[in-house]
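What follows is the residue order along each chain.
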Amino acid sequence: MRNPTFTLCAIGLLASATPAQEHVAVWEGPAAGPGAIALYDPATGLPSGAPAELSAIWLLPFELAGRTDLTEFSPARARRFTDIAGASRVRLQSGVGSLYHFVRAGSGGSASFGFLLVSRSAEPRILIERAGIGAGGGRNPFHSQIAVAPDGLAFLVATQAAGGGDLLEIETSGAFAIHERTAAAGPARIFPWGLQLGANFGVAVTNFGVLRFDRTTGAQAALIGFGADAPPTYFSGILAASNDTSHVVFAAGTSAQMQHVYSAGASGDARRATQTAGPVMRAGTALDGHGGPWLAVSDDGVWCAWRTTGSSATGQVTHECMVARAQNVPAPAEQLSSDARFLDTLDEVALFAFRGPARLLFGVGEQNPGGLPGKLDLFSVDLQAGAVPQFQNLTLTSGDATVPFTAVPTLKPSRAVLLPDGSGIVLHDDSGSSGDMSVWRDGVPGLQTVLGQVKDLDTLDIRGPGALFAVRRDGGARELYRGSSTFLGAPTLVTSTSSLTWFERPVARGDGWTGYIERDLNGERLARIDTASGALDALLGGPALFGPAIGWSANGSLLFTRIQGSYHAHIAWPLAARPVRLLSNGSAGQILPAD
């Protein structure tokens, strides 16, 4: 283990160690007040710029439309972090950098709002800024959710109806162009959770229809047609995309209780999946709670799955998984979770995901208000038009391999995430001292145990080739483990501590190196580990406080803020050298990570 002693002296490194134009972006100011973004050279610690346009601003929280816990570690999806004090950031795919949302105060209570990018080389740039709306011009014109393209090279944002009801696609590299997709349309009420930006087209649900646009220069959004169907008059904003973003599924009808499910692609009319209108529940994003997605569409746009609500013979609320083909003349929907197939006390469904053109994965289990379902199993269903669905119990904790599934499962997940390569799902079984971490792998019946006797899964990060996670044992001891991102092979114990020590805020870079915080009652310590080799660096010099954010620079330095009393020291820590303190003024602030 290498243990570099912390130093407040700026230590110069060879110029060749840092790519040209690389900076570290630092927020200088309080978490809940005005501040500025300043730039520093990570090799020397010297200031390298303080753009005037990035001064006197506040950072704000914002969300990702369509974000789900299940796909948190997918490399094809942007990832939201809440490691910015009082705000949030979205790390874009393809190493583009991180997006931030900001506000700038004007005179007389007015303000302007915008989005800025801190690129991987920490070149901050304002991508868009607009005047506030409402009385006095102090209200945010933008909706609080954005949609990001699969490659991270663009994002979609909508403005409030009072701000024009615009739909804006904004490039995050190259020319940084802004494409106004509704330039010829009148103001609309755009649902912030109804945004989607696919590889070839974008979609936004409004109060009067679903807008679609081609992602070419100058292309304008137009309403999706409904063929021979009468156009719906009620749009809920419920929306989800297929895995490859080539299709979307949405709900619309005449009222919240009378909705149909529709599928649409890059062109042509929407196709209805439902024969009879009824209530359609939310899409099951992270904002809806745990257990989603509850709305899904196959990559070819043919099969749709959604969740409905009803009541059992005893009056208990039930949730059911429905599936149907989107076609010109819809057939009756199939209730996959019917009592004829599942024990009648299994009234909750979860984790809808299509794999292939006609294979649906979903969970069925007991209800657990406020979280993931109670005890459940994961199932796959092979679907064919006009044929009986073919079920397979994937996790097999109930012991029932075939229909009907009459035994109660024993798996009680507190967390379920897809492996980055999509080959399986990592689950934590929240069953007290008998709980464990396990993996379901596509094509392998049952669960493979990763780690047994896990009472709590405290934290987890998976990126590149590696994974780092911390658990709590039944006796209270906490342990930190490293392993591969595929969870093949047994994980390796890094360290074990008492119940009064916590491992927190892991942040991995693309090659598997992961920084994390070890906290106890005396303070915090910072460390980083190569999840492949186990090489470990710990920063010495006594407990302090770190953060709130830690991150990585383009050349591989771990970036962090060390707080002692009111003094904030911003540090760049190269892998092969001692830490370099950035020569800021030491007042309140924090690192703004790009990666």
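Read on for a plain summary of the structure. These figures come from a predicted structure and were not determined experimentally. (Residues numbered from 1 in each chain as written. Predicted model: local features only at pLDDT ≥ 70, side-chain atom pairs only at ≥ 80, totals over all residues. Heavy atoms only, no water.)

**Description of the sheet that holds strand β30 (residues 390-393)**
Strand pairing in a sheet relies on backbone hydrogen bonds. The paired strands run either parallel or antiparallel.
Phase 1 of the analysis: The four strands are arranged β27-β28-β29-β30 in an open sheet whose pairing can be described as antiparallel. Single-partner strands in this sheet number two, and they are β27 (348-354) and β30. Averaged over all pairs of adjacent strands, the angle between their axes in this sheet comes to 25°, without regard to strand direction.
Phase 2 of the analysis: Two elements, strand β29 (residues 376-382) and β30, share four bridges in a ladder whose sense is antiparallel. (Pairing = 2+ DSSP bridges. Helix = DSSP H or I, 4+ residues; strand = E, 2+ residues; numbered from the N terminus. Axes fitted to C-alpha atoms, helices over the stretch in contact; angles between N-to-C directions.)

**Brief notes about the packing of aromatic side chains**
Phase 1 of the analysis: Evaluation of the coordinates by the stated rule reveals 20 aromatic pairs.
Phase 2 of the analysis: With a centroid separation of 6.0 Å and 70° between ring planes, the pair formed by Phe342 and Phe391 is classed as edge-to-face. Remark: Phe391 occurs in strand β30 and Phe342 occurs in the loop between β26 (334-335) and β27; sequence separation between them is 49 residues.
Phase 3 of the analysis: According to the relative accessible area criterion, Phe342 is buried, its value standing at 2%.
Phase 4 of the analysis: Members of the aromatic cluster, joined through ring pairs, are Phe342, Phe352, Phe362, Phe379, Phe391 and Phe405.
Phase 5 of the analysis: In this structure, Arg528 is placed above the aromatic ring of Trp573, and the distance from its NZ or CZ to the ring centre is 3.7 Å. (Phe/Tyr/Trp six-rings, centres within 6.5 Å; stacked < 30°, edge-to-face > 60°. Buried < 20%, exposed > 50% of the residue type's maximum accessible area, 1.4 Å probe, protein only. Lys NZ or Arg CZ within 6 Å of the ring centre and 35° of its normal.)

**Quick look at the pairing of strand β25 (residues 317-325)**
Phase 1 of the analysis: The element β25 is extensively covered by neighbouring structure, given that seven of its nine residues are classed as buried.
Phase 2 of the analysis: Sheet topology note: the β25/β26 ladder contains two bridges and is antiparallel. By the bridge assignment for β26, Met322 is matched with Gln335.

**Section: unusual backbone geometry**
Of all residues except glycine, most have a negative phi; of all peptide bonds, most are trans.
Phase 1 of the analysis: In this structure, Pro293 follows Gly292 across a cis peptide bond, with omega equal to 5°.
Phase 2 of the analysis: Here Pro293 lies in the loop between β22 (271-272) and β23 (295-297).
Phase 3 of the analysis: Between Gly547 and the following residue, Pro548, the backbone shows a cis peptide bond with an omega angle of 10°.
Phase 4 of the analysis: One can find Pro548 in strand β43 (residues 545-552).
Phase 5 of the analysis: A positive phi angle, near 55°, is found at Ala56, a position not held by glycine.
Phase 6 of the analysis: Even without a glycine there, the phi angle at Thr245 is positive, about 60°.
Phase 7 of the analysis: With respect to the helices and strands, the residue Thr245 is situated in the loop between β19 (234-241) and β20 (248-255).

**Brief notes about the nonpolar core**
Phase 1 of the analysis: With 22 residues, the main nonpolar core has Val90, Leu99, Phe115, Ile146, Val148, Phe155 and Val157 as its most contacted residues.
Phase 2 of the analysis: The element that contributes the greatest number of residues to this core is strand β9 (residues 111-119), accounting for four residues.
Phase 3 of the analysis: Listed in part, the 20 residues of the second largest apolar core include Ala296, Val302, Val323 and Phe354. (Core = buried A, V, L, I, M, F, W, Y, C linked by side-chain atoms within 4.5 Å.)

**Focus: the environment of Ser48**
Phase 1 of the analysis: Note on placement: Ser48 falls in strand β3 (residues 47-49).
Phase 2 of the analysis: Setting aside anything within four residues of it in sequence, one finds Ser48 in contact with His23, Leu39, Tyr40 and Asp41. (Contact = heavy atoms within 4.5 Å.)

**Examining the environment of Ser236**
Phase 1 of the analysis: Mapping Ser236 onto the fold places it in strand β19.
Phase 2 of the analysis: Judged by its relative accessible area of 13%, Ser236 is buried.
Phase 3 of the analysis: Between the C-alpha atom of Ser236 and that of Leu60, which follows or precedes it by 176 residues, the distance is 26 Å.
Phase 4 of the analysis: Setting aside chain neighbours within four positions, we find Ser236 in contact with Phe191, Trp193, Ala251 and Gln259.
Phase 5 of the analysis: Side-chain polar atoms of Ser236 contact the side chain of Gln259, separated by 3.2 Å. (Polar contact = N/O pair within 3.5 Å; in protein donor to acceptor, adjacent residues only side chain to side chain.)

**Some words on the environment of Ser110**
Phase 1 of the analysis: Here Ser110 lies in the loop between β8 (97-105) and β9.
Phase 2 of the analysis: Given a relative accessible area of 23%, Ser110 falls into the partly exposed group.
Phase 3 of the analysis: Those residues in contact with Ser110 that lie beyond four places of it in its chain are Arg104, Ala105, Gly136, Gly137 and Gly138.

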